[in-house]
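Understanding the architecture of this molecule
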Amino acid sequence: MTITSFHPPRRTLMGPGPSDVSERVLQAMARPTVGHMDPTFIGMMDEVKTLLQYAFQTKNELTFAVSAPGSAGMECCFANLVEPGDKVIVCQNGVFGGRMQENVERCGGIAVMVYDDWGTVVDPQKLEAALLENPDAVLVAFVHAETSTGAQSDAKTLVALAHKYDCLAIVDAVTSLTGSPLLVDEWEIDAIYSGSQKCLSAPPGLSPVSFNARAAEKIQQRSTKVQSWFLDLNLVMGYWGGEGKRAYHHTAPVNCLYGLHESLVIVQDEGLGNSWARHQQNHLALRAGLEEMGIGFLVPEQDRLPQLNTVYIPDGVDDALVRSRLLNEFDLEIGAGLGALAGKVWRIGLMGHASNQKNVDFCLNSLRAVL
Ligand SMILES: *Cc1c(COP(=O)(O)O)cnc(C)c1O
């Protein structure tokens, strides 16, 4: 048997990520590979940094893309900021807060969990109670946009609480970046990570991160080595930072970075505020259509993520059958529920390039046809 080239089907990606990648980004990725120390490539890396600073709304020097998916950005924040014995308050209101706990514990830290129900936001009062009970805590971690439920927590308030009790804040913005308002400097977020394949609509495989001066100082003052060689920021920054002079650390995923660069240029050209507004507008259009079909949302409107719509599966409907018919007959991917929500909800993404009126109509019409 001879295996031939792989030609994927052309799907419409309206799940929890990856989202649709535009022709512009795909074409950027097909451009010639250059050496990762080539001066032209280094110039492009500098532009990626500048564009990421814009997307994050930060002036943080320590802003770049980790060469691996969002989970690596998460790991990068925890591996660098958590030292053995550090107490970290982790707020969990879905799947990803649980992964934060894993990260803390694997770094030798002590995770103090603050739980909220899936589908609700992180409760600032519960966080404050935990901070009062744990005056020795040094970090607070939470997910801004919980992709497993579609709930958007109040990052500004949670970070302010962390600081009130002398803790630094690590924020998961994998799904929020460019999809809903996120102001890293104004909200004084200390460490943040995201992913390339959600609202940035670049292919998966890169994780934008940003650290402010306080976080950088904590990393520099560590008494133990970062347990991960690959993610040790002291080493990575010699590669991404330092005007002109780069030290070899690892080989950057060159063409993947062309894709991220192009997707960030698209964000810059649209304007961040316009991008947030477009996500909101398409959410409202989808909501109107779904409500007409009698389909309701898990999360109350004021806490909803516009880019990730978690809706109840109508009674008597076969979850897996509907999703496989959407995929096979309409080339449309929507997301299944995770954990306790499996079989109960669908997660309909309207992320980045996929957040447009055409997709809203296509999704509503396809769902109507299948149901
Ligand atoms: C997708 C996601 C991640 C993990 O990103 P990967 O690119 O899949 O590794 C982490 N946190 C949140 C909130 C996510 O939505």
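Section: the sheet that holds strand S10 (residues 207-211)
Strand order in the open sheet formed by seven strands is S2-S10-S9-S8-S5-S3-S4, with mixed pairing between adjacent strands. The open sheet has two edge strands with one neighbour each: strand S2 (62-66) and strand S4 (110-115). Ignoring which end each strand starts from, the neighbouring axes of this sheet average 15 degrees apart. Judged from the six bridges that link them, strand S3 (residues 87-92) and S4 form a sheet pairing that is parallel. For Lys87, the partnering residue across the bridge sits in S4 and is Ile110. Across the face of the sheet, helix H2 (residues 39-56) comes into contact with S2, strand S9 (191-193) and S10 while running at roughly 105 degrees to S2.

Focus: the sheet that holds strand S13 (residues 345-349)
Overall, mixed pairing links the four strands, which are arranged S1-S12-S13-S11 in an open sheet. The sheet is open, and its two borders are formed by strand S1 (12-14) and strand S11 (308-312), each paired with just one other strand. Going across the sheet, the axis of each strand differs from the next one's by a mean of 30 degrees, ignoring polarity. Note that S11 and S13 share five bridges and pair antiparallel. The partner of Thr310 across the bridge, within S13, is Arg347. Contacting strand S12 (332-336) and S13, helix H11 (residues 319-330) runs over the sheet at an angle of about 160 degrees to S12. Contacts from helix H12 (residues 357-370) reach S1, S12 and S13, with the element oriented near 90 degrees to S1.

So, unusual backbone geometry
For the peptide bond that leads from Gly17 to Pro18, omega is 5 degrees, which places it in the cis range. The residue Pro18 is located in the loop between S1 and helix H1 (23-29) in this model. One non-glycine residue with positive phi stands out, namely Asp166, at about 60 degrees. On the secondary structure map, Asp166 appears in the loop between helix H6 (155-164) and strand S8 (168-172). Asp166 sits in the exposed class, given a relative accessible area of 71%. The phi dihedral of Asp331 falls on the positive side, at around 55 degrees, and the residue is not glycine. Accessibility expressed as a relative area gives 28% for Asp331, which makes it partly exposed.

Let's talk about the packing of aromatic side chains
Geometry of an aromatic ring pair is reported as the spacing of the ring centres plus the angle between the planes. Summed over all chains, the structure comprises one aromatic pair. Consider the rings of Phe41 and Tyr258, whose centres lie 6.4 Å apart with planes at 65 degrees: the pair is edge-to-face. With a gap of 217 residues between them, Phe41 in helix H2 and Tyr258 in helix H9 (residues 254-270) connect regions that are remote in the sequence. Like Tyr258, Phe41 is buried. One residue, Arg304, lies across the ring of Phe297, its end atom 4.0 Å from the ring centre.

Describing the environment of Asp185
Mapped onto the fold, Asp185 is located in the loop between S8 and S9. Among the residues examined, Asp185 registers a relative accessible area of 34% and is labelled partly exposed. When the C-alpha positions of Asp185 and Gln53 are compared, they lie 9.9 Å apart, and in sequence the two are 132 residues distant. Here Asp185 is in contact with Gln57, Thr58, Lys59 and Asn60, once residues within four sequence places are set aside.

Considerations on the domain arrangement of the protein chain
Looking at the protein chain, the domain boundaries give domain 1 (12-17 + 272-370) and domain 2 (23-267). One C-alpha centre belongs to domain 1, the other to domain 2; they are set 26 Å apart. Every contact between the two is made by 25 residues of domain 1 and, on the other side, 28 residues of domain 2. Counting the surface lost from both domain 1 and domain 2, the interface buries some 2,000 Å², and carbon and sulfur atoms represent 63% of this. Scanning the region where domain 1 abuts domain 2 turns up zero salt bridges. There are 11 residue pairs in polar contact (both at pLDDT 80 or more) connecting domain 1 and domain 2. For the side of domain 1 that touches domain 2, the secondary-structure elements that each account for two or more residues are helix H10 (272-292) and S11. With four residues, H10 is the largest single contributor of residues to the side of domain 1 that touches domain 2. Looking at the side of domain 1 that touches domain 2 residue by residue, the class counts come to 14 nonpolar, eight polar and three charged.

Side note on the pattern of salt bridges
For the structure on display, the rule yields 17 salt bridges. Several salt bridges share partner residues, and in doing so they unite Arg287, Glu291, Glu301 and Arg304 into one network.

Definitions and cut-offs
Residues numbered from 1 in each chain as written. Predicted model: local features only at pLDDT ≥ 70, side-chain atom pairs only at ≥ 80, totals over all residues. Heavy atoms only, no water. Pairing = 2+ DSSP bridges. Helix = DSSP H or I, 4+ residues; strand = E, 2+ residues; numbered from the N terminus. Axes fitted to C-alpha atoms, helices over the stretch in contact; angles between N-to-C directions. Contact = heavy atoms within 4.5 Å. Buried < 20%, exposed > 50% of the residue type's maximum accessible area, 1.4 Å probe, protein only. Phe/Tyr/Trp six-rings, centres within 6.5 Å; stacked < 30°, edge-to-face > 60°. Lys NZ or Arg CZ within 6 Å of the ring centre and 35° of its normal. Domains from an automatic or database assignment. Buried area = accessible area lost by both parts, 1.4 Å probe. Salt bridge = Lys/Arg side-chain N within 4 Å of Asp/Glu carboxyl O. Polar contact = N/O pair within 3.5 Å; in protein donor to acceptor, adjacent residues only side chain to side chain. Nonpolar A, V, L, I, M, F, W, Y, C, P; charged D, E, K, R; others polar.

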